[in-house]
Amino acid sequence: MYKYNPNQINNNAVHLYDAVYNDWIDDELTKKEAEYIISLIPRGGSIMDLGCGTGRHLIEIAKRGINIIGVDISENMLLELKKKYPQAHILKTNIYADTIEQKFDLITLIWNSVMEIAYTDNELYNLFIKLKSLLKPNGKILIVNLHTESNPADDGLNFSVSNEKDGFKYRLTWKVK
């Protein structure tokens with residue numbers, strides 16, 4: 001039986017990753033997304049880009065002088081990121097198993113990062129416990145999960161959903177401009 005392994009898939013497909021996404025994500029969109037991400041942290045704040053891949057957001061944010069570290073388990077994704085932006089601060093790690101001492105004002109999980117890190121409800125819960133331990137007081141977690149086949153922007157929707165459970169506050173906001 002085949003077990004889905006995104007690390008193996010990402011390591012093998014890294015040469016296709018940017019080619020696929022660059023066809024429909026332009027630099028202007030990346031700049032707007034980076035501006036939004038930066039707006040979520042205090043002046044001098046820090047960001048962890050968890051599941052940073054080849055660094056689309058990390059590079060744009062780092063170029064603006066923001067303290068950002070990219071974290072990914074895929075060695076090939078991180079090697080590609082370093083080719084594109086050698087001065088990037090990166091960490092190859094299993095977020096569950098390894099110790100990270102630094103605390104962050106914001107942790108981002110963009111595109112399908114959550115689905116590649118947490119496969120079960122229990123893993124998702126453990127992921128949030130781990131992320132909470134990496135946040136500074138009043139720190140935030142930004143999760144963006146978009147797929148072209150189910151993009152709410154196609155319907156011109158604006159919405160926000162929030163919930164609180166077990167001491168965690170969850171909020172999803174989608175705003176189309």
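Residues numbered from 1 in each chain as written. Predicted model: local features only at pLDDT ≥ 70, side-chain atom pairs only at ≥ 80, totals over all residues. Heavy atoms only, no water.

1. So, the pairing of strand β3 (residues 89-92)
Reasoning step 1: Pairing of strand β2 (residues 67-72) with β3 involves four bridges; the strand directions are parallel. Opposite I69, over in β3, you have H89 as the bridge partner.
Reasoning step 2: Each parallel crossover has a hand, and the one from β2 via helix α4 (residues 75-84) to β3 is right-handed. (Pairing = 2+ DSSP bridges. Helix = DSSP H or I, 4+ residues; strand = E, 2+ residues; numbered from the N terminus. Right-handed = clockwise from strand over helix to strand, strands pointing away.)

2. A look at the side chain of T108
Reasoning step 1: With respect to the helices and strands, T108 occurs in strand β4 (residues 104-110).
Reasoning step 2: Owing to a relative accessible area of 2%, T108 belongs among the buried residues under this scheme.
Reasoning step 3: Here T108 is in contact with I37, I47, M48, D49, L50 and L142, once residues within four sequence places are set aside. (Buried < 20%, exposed > 50% of the residue type's maximum accessible area, 1.4 Å probe, protein only. Contact = heavy atoms within 4.5 Å.)

3. Here's the deal with the pattern of salt bridges
Reasoning step 1: Per the stated rule, a full pass over the model turns up five salt bridges.
Reasoning step 2: When the shortest N-O distance is used, the salt bridge between E33 and R56 registers 2.9 Å. Residue E33 is located in helix α2 (residues 27-39), and its partner R56 is located in helix α3 (residues 56-62); the two are separated by 23 residues in the primary sequence.
Reasoning step 3: The shortest N-O distance in the salt bridge between R64 and E35 comes to 3.9 Å. (Salt bridge = Lys/Arg side-chain N within 4 Å of Asp/Glu carboxyl O.)

4. A look at the environment of H57
Reasoning step 1: Examined against the element boundaries, H57 turns out to sit in helix α3.
Reasoning step 2: Under the relative-accessibility criterion, H57 is labelled buried at 6%.
Reasoning step 3: Once you skip the residues sitting within four places of it in the chain, H57 turns out to touch E33, I37, D49, I110 and W111.

5. Observations regarding the sheet that holds β3
Reasoning step 1: Taken together, the five strands give an open sheet; going across it, the order is β3-β2-β1-β4-β5, and neighbouring strands pair in parallel fashion. Where the open sheet ends on each side, the last strands, each with one partner, are β3 and β5 (135-144). This sheet shows a mean twist of 20° between the axes of neighbouring strands, independent of strand direction.
Reasoning step 2: Packing of α4 onto the sheet brings it into contact with β2 and β3, and relative to β3 it is tilted by some 165°. (Axes fitted to C-alpha atoms, helices over the stretch in contact; angles between N-to-C directions.)

6. As for α2
Reasoning step 1: Along its 13 residues, α2 runs 18 Å from first to last C-alpha, staying within 8% of the 18 Å computed at 1.5 Å per residue.
Reasoning step 2: Every buried residue of α2 is accounted for by T30, A34, I37 and I38. Burial along α2 is one-sided: seen end-on, the buried residues are contained in an arc of 95°. Away from the buried face of α2 by more than 90 degrees, exposed residues K32 and S39 are located.
Reasoning step 3: Check the buried side of α2 and you find it contacts β1 (46-50), α3, β4 and β5. (Expected span 1.5 Å × (residues − 1). Arc of directions from axis to C-beta.)

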